[in-house]
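What follows is each chain in one-letter form.
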Amino acid sequence: MAPEPPVKYVVRSARPPGRPLDLEAELNPEQRAVVVAEGGPMLVIAGAGSGKTRALTYRVAWLLAHGVRPDRLLLCTFTNRAAREMLRRVEALTGVETRALFAGTFHHVAHRLLRQYRDRVGLPAGFGILDREDARELLAACLAEEGVRDQRLPQPKVLMALLSRAINSSMSVADAVAHDAPRFVEAAAAIARVADCFAARKAAMGMVDFDDLLLLWKALLVDHPDAAAELRTRFEHVLCDEYQDTSRIQGELVDLCAAGHRNLMVVGDDAQSIYSFRGADFRNILEFPARYPDARVYKLETSYRSTPEIIALANQCIAHNAAQHPKVLRPVCAPGDPPAVVPLADVYQQAEFVAQRLLELHQLEGVPLREIAVLYRNHAHALELQVELTRRKIPYVVRSGLRFFEQAHIKDVVAYLRVLANARDGLAWSRVLKLYGGVGARSARRVADGAARQDGPADLVLAALAPELPGSARAPVGRLAALLARLREPPEGPAAAIARVVAGHYAEYAAGAFPNADARLEDLRQLADYAARFADVPAFLADLSLVAGIAAETVLQGEPPEEHLTLSTIHQAKGLEWTAVFVLWLADGRFPNLQALRTQEEEEEERRLFYVAVTRTRRHLFLCYPQRAEDARGLRTILRPSRFITELDGPAPPFERWAIETAPG
């Protein structure tokens, strides 16, 4: 199928194509150099707050204003929203209609191209795209079809993540399993068969999933020389935003599209490459000069976001990484307060300090709550803070998803404790029983209904109901009853009960059910540590119910409902900024994460994550860490400050250290 005829641009304002933009007034010298650069391979290293989007937008506008037709440009962005905003600004600058410009995420661009070249890659007219949920359902059907349901294989959600890793990293399924899920390596052959079945079923249905879009775009460029030549002629300039976050296959796609003319501009910040767990390949940006020896490297080092004090800390921090494109940010903002390193006695004092200090910023210094964020390495680090904020009725939103106690794995394990405390809790029974393969919805409902009519401990109630269940459900129900019996005799506190549930069943379940099983198990360890303060299971459950029931609606009467604090993982906060930022749990082994200290590469990504955290703030930065922690067994651990703090210490550290004392009374 021949490509669609190009759409001619139209002029919509008094500034026609060809008229120079006022770059002297609108850009700084660093940005101007990027905008007016000649063709060829270019790497733009854009520091935090340096106006990267502005430079890239003006580059597109400059190309259009100098005669490049919109349909001759390919612009790959991290989100479609970012692409729309850039094109809106380009139209305002040039008056050129940009509908013909190929702009958007890699998947969006791939879909547009495959609609035009579908016959080259064997897609039917009107092919459909499976969303994530439909793809998982189809994959589950393939698991059943291959007759491997009873093998120790990952559940569809985890299997989908493994297949996605294989495609986005340009590796085999077996290598993806070995890399991401070594516990399933013995089943790699069976997983590969399921993957083949999945591909065949999609083809038979005339459907593709999101990963197929990239794979077929690459096939179009590699296996069909005529189509590849057409596309390289068509796209005279290829531009890629957020290049540090591209996967291996995405890096290959921009290289393939620019082969020949080599007019490739990639823009990003290697110091903010933090998504390797999602398949981002740091080598794309780090090794760009090696792949393109004649590439020109531009650096945007003037930062418009943060105070000089915060920029000084960020510069010193990232200088400890060996693998990077070195740069030194230069601030233009007025001086402010130095960042504060705040040692706290424990996690509870950490939560109290953050709540008190943010209210001081809000009520005494006039910083809106929406301009304050609390950032952390993973969800578990915000557990005590969420409780403290809820009790103080400070409104907050969790940008990175559900509140801690609302997450599936937390509710799953708490459900065990609920049936332990009250064997008539039918909702908890339904939740626990669904975690056991072989127990269907009908059997779970029968147990829930039967338990409501009986008295006695949960394990004995379950054992009495087991004979009424189908044969397939009796063995798993027996395992559950045995686990509940171990929780009851002798009676255990909530912390020990949680640990026993995880060790006795849930760790194995999570390994097959969640792509990020390790992170979820860390959350559960944190939950057990939190539960250690309660004498028994009923007291712990009552506290959770009270926390969940308190309405966190307002701090001051009459405030608008949108006035709220933001809690977020650092990964979810990238690209955002606030007036004040608190970073929690900066203790070695927690941040950096202990599992991320196995190699230098992993430690350096953790340091980049810290760099991202500190560069989210404009004026106020608080780096907090507890000095001791108590685990579920009651053992106290002395915590050391994060190496990301200690390595900045010296005769003139870029921070001041605060001493926090408990006020008398």
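Residues numbered from 1 in each chain as written. Predicted model: local features only at pLDDT ≥ 70, side-chain atom pairs only at ≥ 80, totals over all residues. Heavy atoms only, no water.

Turning to the overall build of the protein chain, a few remarks are in order. A tally of regular secondary structure across the protein chain gives 28 helices and 19 strands. Compactness check: the protein chain gives a C-alpha radius of gyration of 28 Å against a globular reference of 26 Å for 665 residues, within 12% of the reference. Projecting the C-alpha coordinates of the protein chain onto the three principal axes gives extents of approximately 85 × 70 × 50 Å. Among the 665 residues that make up the protein chain, the fraction classed as buried is 54%. Within the protein chain, residue pairs in contact and separated by at least 24 positions form 78% of the contacts whose partners lie at least 6 positions apart. Accessible area of the protein chain: about 28200 Å², with a carbon and sulfur share of 52%. (Helix = DSSP H or I, 4+ residues; strand = E, 2+ residues; numbered from the N terminus. Rg over C-alpha atoms; globule rule 2.2 N^0.38 Å. Buried < 20%, exposed > 50% of the residue type's maximum accessible area, 1.4 Å probe, protein only. Contact = heavy atoms within 4.5 Å. Areas by Shrake-Rupley, 256 points an atom, 1.4 Å probe, with all protein chains shown as cover.)

This part is about the pattern of salt bridges. Within the structure shown, the criterion is met by 42 salt bridges. Here Asp 212 makes a salt bridge to Lys 202, at a shortest N to O gap of 2.7 Å. Taken together, the residues Asp 212 in helix α10 (residues 210–223) and Lys 202 in helix α9 (residues 188–205) connect sequence positions 10 residues apart. The buried category is assigned to Lys 202, whose relative accessible area is 6%. The partner of Asp 281 in a salt bridge is Arg 248, with the nearest N and O atoms 3.1 Å apart. (Salt bridge = Lys/Arg side-chain N within 4 Å of Asp/Glu carboxyl O.)

Moving on, we get to helix α3 (residues 52–65). Between its terminal C-alpha atoms α3 stretches 20 Å, which fits the 20 Å expected from 14 residues at 1.5 Å a residue. Across the 14 residues of α3, 12 count as buried, placing the element largely inside the fold. Within the span of α3, buried status applies to Lys 52, Ala 55, Leu 56, Thr 57, Tyr 58, Arg 59, Val 60, Ala 61, Trp 62, Leu 63, Leu 64 and Ala 65. Positive phi shows up at Gly 67, right after α3, with a value of about 100°. (Expected span 1.5 Å × (residues − 1).)

Checked against the element boundaries, Arg 500 lands in helix α23 (residues 494–513). Looking at Arg 500, the relative accessible area reads 31%, which means it is partly exposed. Once the C-alpha coordinates of Arg 500 and Val 36 are considered, the two residues, 464 residues apart in sequence, prove to be 63 Å apart. Residues within four places of Arg 500 in sequence aside, it is in contact with Leu 483, Arg 486, Leu 487 and Glu 492.

This paragraph deals with the nonpolar core. In terms of nonpolar packing, the biggest core is built from 59 residues, with Tyr 416, Trp 429, Leu 527 and Phe 540 touching the most fellow members. Ranked by residue count, the leading element in this core is α23, at 9 residues. Sequence-distant contacts of Tyr 416, that is, excluding residues within four places in its chain, are made with Val 432, Leu 435, Tyr 436, Leu 480, Leu 483, Leu 484, Val 501 and His 505. Cys 76, Tyr 117, Trp 217 and Tyr 292 belong to the second largest nonpolar core, which has 41 residues in total. (Core = buried A, V, L, I, M, F, W, Y, C linked by side-chain atoms within 4.5 Å.)

Attention now goes to the packing of helix α18 (residues 408–421) against helix α19 (residues 426–433). Relative to each other, α18 and α19 sit at 125°, their axes nearing to 8 Å. By the criterion of interaxial angle, the relationship of α18 to α19 is oblique. Of the two elements, α18 crosses α19, and the hand of that crossing is left-handed. On α19, the residues that touch Ala 408, Lys 411, Asp 412, Ala 415, Tyr 416, Arg 418 and Val 419 of α18 are Leu 427, Ala 428, Trp 429, Arg 431 and Val 432. Across the contact of α18 with α19, the residue classes break down as 8 nonpolar, no polar and 4 charged. (Axes fitted to C-alpha atoms, helices over the stretch in contact; angles between N-to-C directions. Parallel < 35°, antiparallel > 145°, perpendicular 65-115°, else oblique. Left-handed = near helix turned anticlockwise from the far one by under 90°. Nonpolar A, V, L, I, M, F, W, Y, C, P; charged D, E, K, R; others polar.)

Once that is clear, we can look at the packing of α19 against helix α22 (residues 471–488). Their axes nearest at 11 Å, the elements α19 and α22 cross at an angle of 120°. Classified by chirality, the crossing of α22 by α19 is right-handed. For the pair α19 and α22, the contacting residues are Trp 429, Val 432 and Leu 433 in the first and Val 477, Leu 480 and Leu 484 in the second. Tallied by class, residues from the contact of α19 with α22 come to 6 nonpolar, no polar and no charged.

Glancing now at the sheet that holds strand β11 (residues 340–344). Spatially, β13-β14-β12-β15-β16-β11-β19 is the arrangement adopted by the 7 strands of the open sheet, whose pairing is parallel. Two strands lie at the open edges of the sheet, namely β13 (396–398) and β19 (656–657), each paired on one side alone. Direction of pairing for strand β12 (residues 372–376) relative to strand β15 (residues 578–583): parallel, over a ladder of 4 bridges. From the neighbouring strand, Ile 372 faces β15, where its bridge partner is Ala 580. Together, β12, β15 and β16 (617–626) form the strand contacts of helix α27 (residues 600–614), whose direction differs from that of β16 by roughly 130°. (Pairing = 2+ DSSP bridges.)

Moving on: the confidence of the model for the protein chain. Here the protein chain averages 87 in pLDDT, while 92% of its residues score no lower than 70. Taken together, the stretch residues 1–18 has pLDDT below 50 and engages in 40 contacts with residues farther than four places along the chain or on a different chain. Throughout residues 550–561 the model reports pLDDT below 50, and contacts reaching past four residues in sequence, or to other chains, amount to 22 contacts. (pLDDT = per-residue confidence, 0-100.)

Taken in spatial order, the 6 strands make up an open sheet running β3-β2-β6-β7-β1-β8, and their pairing is parallel. If you trace the sheet from one side to the other, it starts and ends with β3 (102–104) and β8 (296–300), each paired once. Strand-to-strand twist in this sheet, taken as the mean axis angle between neighbours without regard to direction, amounts to 10°. Here 4 bridges tie strand β2 (residues 73–76) to strand β6 (residues 237–240), and the two strands are oriented parallel to one another. Among the inter-strand pairings, Leu 74 is bridged to a residue of β6, identified as Val 238.

To continue, consider the packing of aromatic side chains. Per the counting criterion, the structure on display carries 18 aromatic pairs. Seen in terms of ring centroids, Tyr 243 and Phe 288 are 5.9 Å apart; in terms of plane orientation they differ by 85°. Their pairing is edge-to-face. Placement of Tyr 243 in the loop between β6 and α12 (248–258) and of Phe 288 in helix α14 (residues 288–291) is noted, with a sequence separation of 45 residues between them. The pair Tyr 243 / Phe 288 is uniform in exposure class, with both members buried. Seen in terms of ring centroids, Phe 353 and Trp 658 are 6.3 Å apart; in terms of plane orientation they differ by 90°. Their pairing is edge-to-face. Note that Phe 353 is positioned in helix α16 (residues 347–363) and Trp 658 in the segment after β19, a separation of 305 residues in sequence. When the ring centre of Phe 514 is taken as origin, the NZ or CZ atom of Arg 520, which lies over that ring, is 3.9 Å away. Over the aromatic face of Phe 282 sits the side chain of Arg 608, whose NZ or CZ is 4.0 Å from the ring centroid. (Phe/Tyr/Trp six-rings, centres within 6.5 Å; stacked < 30°, edge-to-face > 60°. Lys NZ or Arg CZ within 6 Å of the ring centre and 35° of its normal.)

Turning next to unusual backbone geometry. Residue Pro 592 follows Phe 591 across a cis peptide bond; omega there is 15°. Summarising the element assignment, Pro 592 is placed in the loop between β15 and α27. Of note in this structure, Ser 170 is not a glycine but carries a positive phi near 55°. Phi is positive for Glu 242, which is not a glycine, with a value near 50°. Tracing the backbone shows Glu 242 in the loop between β6 and α12. Look at Glu 242 and you get buried, because its relative accessible area is 16%.

Once that is clear, we can look at the side chain of Arg 520. With respect to the element layout, Arg 520 can be found in helix α24 (residues 517–531). No salt bridge is formed by the buried Arg 520. Its closest oppositely charged neighbour is Asp 523, at 6.8 Å. Setting aside residues no more than four positions away along its own chain, Arg 520 makes contact with Lys 157, Ala 408, His 409 and Phe 514. (Lys, Arg positive; Asp, Glu negative; His and termini not counted.)

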